[in-house]
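Residue-level structural notes
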Protein chains: 2
Amino acid sequence: MEVPFIPIKSLSIEGFAPYGEVIDLDKAEHFPINNGMCTRYNDLATVELSGVEPRPLVNIFRGKPYDIPLHLKMVERHPLGSQAFIPMSKRPFLVIVAPDEAGTPGTPLAFLTQSGQGINLKMGCWHGVLTTLEKTSDFVVIDRGGPGENLEEYYYEPGFLVGFDD
Amino acid sequence: MEVPFIPIKSLSIEGFAPYGEVIDLDKAEHFPINNGMCTRYNDLATVELSGVEPRPLVNIFRGKPYDIPLHLKMVERHPLGSQAFIPMSKRPFLVIVAPDEAGTPGTPLAFLTQSGQGINLKMGCWHGVLTTLEKTSDFVVIDRGGPGENLEEYYYEPGFLVGFDD
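Residues numbered from 1 in each chain as written. Chains lettered and ligands numbered in written order. Predicted model: local features only at pLDDT ≥ 70, side-chain atom pairs only at ≥ 80, totals over all residues. Heavy atoms only, no water.

Under an unreviewed UniProt entry, the name given to chain A is Ureidoglycolate lyase, and the source organism is Maritalea mediterranea. Of the comments in the UniProt record for chain A, the one headed Pathway (unreviewed entry) reads "Nitrogen metabolism; (S)-allantoin degradation." The Function (unreviewed entry) comment attached to chain A in UniProt states, word for word, "Catalyzes the catabolism of the allantoin degradation intermediate (S)-ureidoglycolate, generating urea and glyoxylate. Involved in the utilization of allantoin as nitrogen source." (UniProt positions renumbered as here; feature names shortened; annotations may be inferred.)

Dropping the structure here:
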């Protein structure tokens, strides 16, 4: 069975808007605090918390790198909360999302971040797992804790080949 | 007027416990996710959100470096929420806190983080401003947004000289 190809595009605020937010300091609201000794880049992600007794979780994800092209077989979603990824390195990473089509994910889209950009996935957005490139990389992740089942997975058959256009 | 001296100590979980949490991956709960391709360091900070319609704010603070010894004159606190600081660099930074004594801060304590450590200040804990060393440094900061006055400042006279013991 032929595996369909998904080209990787540059991440943009507009292109990513249906799926979530791009966290980009160059475009973020910011202002000086502490007598000018600090710049506050303010309120970078809309944290969505749903379900019973939700609370924000602050985590660090340490992701091993993947090779490109990538054979994508699985996407997942978190029905009870958003999930923000802020890279602690300047290395770009791969963001895969998919539109929801009546409860299952449609054809995925793949985006490469620009150096330093992060993302915040909307509550319920289908997405691939954290996909770092080149080196093991740390991310600050803000998502949802509390009771309830906050993970759904979906397996594509035969999946997709995600890579750069020639 | 003589300015009292405050020696900088090493940050420890136990010593910092009255003021907040030390975020230290070496001591944090963690487990593999994504078929072993990622380690999740889970639930690193107790996010406290109080007052009317609070919400978590995700921010980046870009702090200019201070010189040691530091003449500390002001501390502040956030009565409506906690405030976590996760360094995006490996550079240690200075953490100044003070016990509350019937609504005003007592004698401050100063801690130097170990490389990579972050902190989460408890709601209402008196603290100095973000005090980076050596270079301008970025921190992911999770604090409290929403209506209400979430900042109190207190000025010491003549302040304190914060430095390393000889």
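Now that the structure is up, let's keep going.
On to the sheet that holds strand β3 (residues 30–33) of chain B, then. Overall, antiparallel pairing links the 7 strands, which are arranged β2(A)-β13(A)-β8(A)-β16(A)-β5(A)-β4(B)-β3(B) in an open sheet. Taken across any chain shown, the strands that pair with only one partner, and hence form the sheet edges, are β2 (20–23) of chain A together with β3 of chain B. Strand-to-strand, the axes of this sheet are offset by a mean angle of 25°, without reference to chain direction. Sheet topology note: the strand β8 (residues 83–87) of chain A/strand β16 (residues 137–145) of chain A ladder contains 4 bridges and is antiparallel. Among the inter-strand pairings, A84(A) is bridged to a residue of β16(A), identified as I142(A). (Pairing = 2+ DSSP bridges. Helix = DSSP H or I, 4+ residues; strand = E, 2+ residues; numbered from the N terminus. Axes fitted to C-alpha atoms, helices over the stretch in contact; angles between N-to-C directions.)

Moving on: the relation of the copies chain A and chain B. Both copies of the chain are related by a screw-like operation: a rotation about an axis and a shift along it. When chain A is fitted to chain B, the residual RMSD is 0.0 Å, and the transformation amounts to a turn of 180° plus an axial shift of 0.0 Å. The operation mapping one copy onto its partner corresponds to a two-fold rotation axis. When C-alpha distances to the rotation axis are compared across chain A, the minimum falls at M88(A), with a value of 2.5 Å. (Least-squares fit on C-alpha atoms with pLDDT ≥ 70 in both.)

This brings us to the pattern of salt bridges. Applying the stated criterion across every chain yields a total of 12 salt bridges over all chains. For the salt bridge of D43(A) with R55(B), the shortest nitrogen-to-oxygen distance reads 2.6 Å. A residue pair is termed interchain when its members come from two chains, as with D43(A) in the loop between β4 (38–41) and β5 (55–63) and R55(B) in strand β5 (residues 55–63). Given the relative accessible area of 27%, D43(A) is considered partly exposed. What you see here is one network of salt bridges that share partners, running through R77(A), D100(A) and E152(A). (Salt bridge = Lys/Arg side-chain N within 4 Å of Asp/Glu carboxyl O. Buried < 20%, exposed > 50% of the residue type's maximum accessible area, 1.4 Å probe, protein only.)

Looking now at the sheet that holds strand β13 (residues 118–121) of chain B. As summarised here, the arrangement of the 7 strands in space is β3(A)-β4(A)-β5(B)-β16(B)-β8(B)-β13(B)-β2(B), forming an open sheet in which the pairing is antiparallel. The open sheet terminates on both sides in strands that have one partner only, identified here as β3 (30–33) of chain A together with β2 (20–23) of chain B. Here the strands of the sheet are splayed against their neighbours by 25° on average, with no regard to which way each runs. Looking at chain direction, β5(B) and strand β16 (residues 137–145) of chain B are connected through 9 bridges and run antiparallel. From the neighbouring strand, F61(B) faces β16(B), where its bridge partner is F139(B).

Once that is clear, we can look at unusual backbone geometry. A cis amide bond links I68(B) to the next residue, P69(B), at an omega of 0°. As for its placement among the helices and strands, P69(B) is situated in the loop between β6 (65–66) and β7 (70–77). The omega torsion of the bond from E157(B) to P158(B) falls at 5°, within 30 degrees of zero and hence cis. Looking at the element boundaries, P158(B) is found in strand β17 (residues 152–163). Its identity is not glycine, yet A102(A) carries a phi of approximately 55°, on the positive side. Accessibility expressed as a relative area gives 84% for A102(A), which makes it exposed. You will see that E53(B), though not glycine, has its phi angle at about 45°, which is positive. Assignment of secondary structure puts E53(B) in the loop between β4 (38–41) and β5. Taking relative accessible area as the criterion, E53(B) reaches 63% and is therefore assigned exposed.

A few words on the pairing of β4(A). Residues and elements named next belong to chain A. Pairing between β3 and β4: 4 bridges, direction antiparallel. Paired with P32 across the two strands is T39, which belongs to β4. What sits between β3 and β4 in their antiparallel hairpin is a turn of 4 residues, with N34 showing a positive phi close to 55°.

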